[in-house]
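Per-entry structural report
As a plain string of letters, each chain reads:
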Amino acid sequence: MKQLIRSILIIAGAAALSAARSSAAPDSLTFVIGNGPFAGTYHQDQPLCFQTKQPKMLAATFKNFDAKGPKALAEGGIKLDNPDAPGAKTGDLIAGFGGDGKAAVVEYNVFSVPITITRSGKGATLVGEGKSKEGVAVRISATCSSIEQL
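Here goes a summary of the coordinates provided. (Residues numbered from 1 in each chain as written. Predicted model: local features only at pLDDT ≥ 70, side-chain atom pairs only at ≥ 80, totals over all residues. Heavy atoms only, no water.)

Points about the sheet that holds strand E9 (residues 137–144)
Strand order in the open sheet formed by 10 strands is E2-E1-E9-E8-E7-E6-E5-E4-E3-E10, and the pairing between neighbours is mixed. Of all strands in the sheet, those with a lone pairing partner are strand E2 (40–45) and strand E10 (148–149), marking the two edges. Sheet topology note: the strand E8 (residues 123–131)/E9 ladder contains eight bridges and is antiparallel. Across the sheet, Glu129 pairs through a bridge with Arg139, a residue of E9. (Pairing = 2+ DSSP bridges. Helix = DSSP H or I, 4+ residues; strand = E, 2+ residues; numbered from the N terminus.)

What follows is the structure in structure tokens.
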């Protein structure tokens, strides 16, 4: 599962570098780390928002290749499993800090947590929260004005 999330982040970084994006409303990710050495609220503009058919998922991710320093938000995102299936939704959260722009030094991963999705036209809002195995509270919300189909 961790490799899948890493792959998503790599795809997000590559796509962000290769395509110029414009949107009517700014797309964003908001990370709230509730406790621990990285406690605080972090914002990231223009995440890559996409949906894939195999595996069936919808995600909003980013990778900061220029992240410098131990407390810099380096990568992260929210992934919703089976977005078109009826019923309750679940997915994964990731927030990575520090590093040299290649790999995060500290990662908080939260797996199989409830995710809410609100669709609006061609876009969506995703919200999920839970605790990492280290006991760190993580809440991630994403606003996507449009979702790329991959």
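Let's pick the thread back up.
Overview of the pattern of salt bridges
Note that side chains of opposite charge can pair when their charged atoms are close. Under the defined criterion, the tally for this structure stands at five salt bridges. Two residues, Lys63 and Glu75, come together in a salt bridge whose shortest N-O distance is 3.2 Å. Linking Lys63 in strand E4 (residues 57–63) with Glu75 in strand E5 (residues 73–81), this pair joins segments that are 12 residues apart in sequence. In this pair, the class of Lys63 matches that of Glu75, namely buried. One salt bridge in this structure joins Glu129 and Arg139, with 3.7 Å as the shortest N-O distance. With Glu129 in strand E8 and Arg139 in strand E9, this pair connects stretches of sequence that are 10 residues apart. Using a relative accessible area of 49% as the deciding quantity, one classes Glu129 as partly exposed. Take Arg139: its relative accessible area is 32%, and that puts it in the partly exposed class. (Salt bridge = Lys/Arg side-chain N within 4 Å of Asp/Glu carboxyl O. Buried < 20%, exposed > 50% of the residue type's maximum accessible area, 1.4 Å probe, protein only.)

Here's the deal with the pairing of strand E7 (residues 106–120)
Summarising the sheet, strand E6 (residues 90–97) and E7 pair through seven bridges and their orientation is antiparallel. By the bridge assignment for E7, Gly96 is matched with Glu107. Where E7 meets E8, six bridges bridge the pair, whose relative direction is antiparallel. Its bridge partner lying in E8, Thr116 is registered against Val127. Where E7 hands over to E8, the hairpin turn is made up of two residues, of which Gly121 adopts a positive phi near 60°.

Geometric values such as these leave the question of function open.
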